[in-house]
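Summary of the model geometry
Read off the chains here:
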Amino acid sequence: MPAQQVHYGGMRVRDFENDNGMMIFGGMRAADIADRFGTPVYVTDEQILRGNYRRIHEAFNSRMPTEIHYACKANTNLAILSILNQEGSHIDAVSIGEVLTCLKAGFPADRIMYTGVNVSDAELKALLETGCRINVDSESELERLAKLTTDIPISFRITPGVASGHSAKVMTGGKGAKFGIPYNRVVDVYARAKDLGFDVKGIHAHTGSGGLSTEPFSEVVDVLCGLVNDIEAETGIRLEFLDFGGGVGVPYKAQEEEIDLDELAEEIVETVREETSIKTLALEPGRYIVCDSTILLTRCVDVKDAGPKKYVGVDAGFNTLIRPAFYDSYHYVAIANKFNRACTAKYDVVGPICETGDYLAHDRALPDPEEGDVVAVYNAGAYGFTMSSNYNSRPLCAEVLVNNGEAELIREAESIEELWRHQRIPERLMR
Ligand SMILES: *Cc1c(COP(=O)(O)O)cnc(C)c1O
């Protein structure tokens, strides 16, 4: 079967197989998955997921021992975590909930590193009970942790003064950011941790999420290498690992270029080898590992010609996928059951949420959309389901895993009754 070329203004995105006008995903017709499990539904291809992990693992580990810390806030489904645990991944977790979820999926505690911001004492206590690694974000957190224990290895997140990302909302590393130890305090803080009796193992920074150039990585690694040497010179602490965070972007639009992982790994490993005696690297890809492994299938329920604009109304809104509404993100869309048809006009793909900002795609050429069609939203695996909500009292949708032509439910859709399960009506209001 010929791979389908998707055209929009001359662009071409990821090829999926096309079987007589039916989009094939994970060896199955996408429209059949929608019929069987209902819509909206997130569908993950296990082979793409494993391939992504292996590609980034290999690019670095063929050059230097490197821990891949999957940033699980991108997608915390237990089945997806179990697959990455089988692959030998480590975890970057940002909350106690994520740490406990990864333990439940089978990750050993020592492969989970917690990097929080504005961490409460209650959360610190709960983390200590799990035995996960703690990457400290502030001087306050260090002093509060020391009151609980100093008998654990720690590392610090520092503010590198380098920011990157697809949207200002996800740039985290710039000077003055809320994250990390301010650059000019770093050496003093390592000295303080040593005085308190901590075994300080590493240094970490994260510049932001979803950039497509290697430059921010080179810059942040330069900053980290400089600090590794300053820390050793001033405090005598010899750090074991250098973690340069996540943020490896993926192309959402066809004309965007993938990051060359070999070039990235080569550059970073060379710098670290030349400038320091660090023996282990870590990085924290979230989006890179899960993003293109997953599509969102949503059904067309209404088609409207509103004069200057035409709309394809679907059953997923920003309650299901918030990235377009929240970040103005671009997601490629195709009609899964008209996969080889010529496009007839441009449409906005919009959801059922009662806000004008509720959209999945603007001005897309589509092939004669009709009620009942299945719209596939590409690159939905990262920050898709995890950011979904019950807004407008809509239950969370299902998730499905496909693997070489077999589909399995990995999350049931919520019921309407479940929307009420934690609510209480005071007795006096029922009289
Ligand atoms: C969100 C986050 C990441 C992952 O970012 P991606 O763009 O998904 O790779 C990595 N590290 C930390 C500390 C994060 O907060």
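Here, every reference points to the structure presented above.
Residues numbered from 1 in each chain as written. Predicted model: local features only at pLDDT ≥ 70, side-chain atom pairs only at ≥ 80, totals over all residues. Heavy atoms only, no water.

**Looking at the pattern of salt bridges**
Basically, it comes down to this: Salt bridge, as applied in this entry: a Lys or Arg side-chain nitrogen positioned within 4 Å of an Asp or Glu carboxyl oxygen. Helical segments are the DSSP runs of H or I of at least four residues, strand segments are the runs of E of at least two, and each set is numbered from the N terminus. Exposure is judged per residue with a 1.4 Å probe applied to protein chains only, and the accessible area is read against the type maximum: over 50% gives exposed, under 20% gives buried, and values in between give partly exposed.
This structure, assessed with the given rule, holds 22 salt bridges. Between Glu-87 and Arg-50 there is a salt bridge, with the nearest N and O atoms lying 2.8 Å from each other. Placement of the pair is Glu-87 in helix α3 (residues 78–87) and Arg-50 in helix α2 (residues 46–61), with a sequence separation of 37 residues. Here Glu-87 matches Arg-50 in class, with each residue buried. Three or more residues are tied together by salt bridges with common partners; here these are Glu-46, Arg-50, Arg-54 and Glu-87.

**Describing helix α8 (residues 215–235)**
Here is the rule: Here, expected helix span is obtained from the residue count minus one, scaled by 1.5 Å. The contact definition used throughout considers only heavy atoms, calling two residues in contact when any of these lie within 4.5 Å.
In this model α8 runs 30 Å from its N-terminal to its C-terminal C-alpha over 21 residues, within 8% of the 30 Å that 1.5 Å per residue would give. Taken as a whole, α8 has its buried residues at Pro-216, Phe-217, Val-220, Val-221, Val-223, Leu-224, Cys-225, Leu-227, Val-228, Ile-231 and Thr-235. At its buried positions, α8 is contacted by α7 (186–196), β10 (199–204), β11 (241–243) and α9 (261–275). Immediately downstream of α8, the backbone of Gly-236 shows phi near 80°, a positive value.

**Considering the packing of helix α4 (residues 96–104) against helix α5 (residues 121–130)**
The line we're drawing: Here the axes come from fitting lines to C-alpha atoms, over the contacting stretch only for helices, and the angles between their N-to-C directions go from 0 to 180 degrees. Comment on the angle field: the value is read as roughly parallel under 35 degrees, roughly antiparallel over 145, roughly perpendicular from 65 to 115, and oblique elsewhere. Throughout, a crossing is termed right-handed when the near helix is turned clockwise from the far one, and left-handed when it is turned anticlockwise from it by less than a right angle. As a working rule, the residues Ala, Val, Leu, Ile, Met, Phe, Trp, Tyr, Cys and Pro are called nonpolar, Asp, Glu, Lys and Arg charged, and the rest polar, with Gly in that last group.
Relative orientation of the contacting elements α4 and α5 amounts to 20°, with a least axis distance of 10 Å. As judged from the angle between their axes, α4 and α5 are roughly parallel. Of the two elements, α4 crosses α5, and the hand of that crossing is left-handed. Taken together, the residues of α5 that come into contact with α4 (itself represented by Ile-96, Val-99, Leu-100 and Leu-103) are Glu-123, Ala-126, Leu-127 and Thr-130. Residue composition of the contact of α4 with α5, grouped by class: six nonpolar, one polar and one charged.

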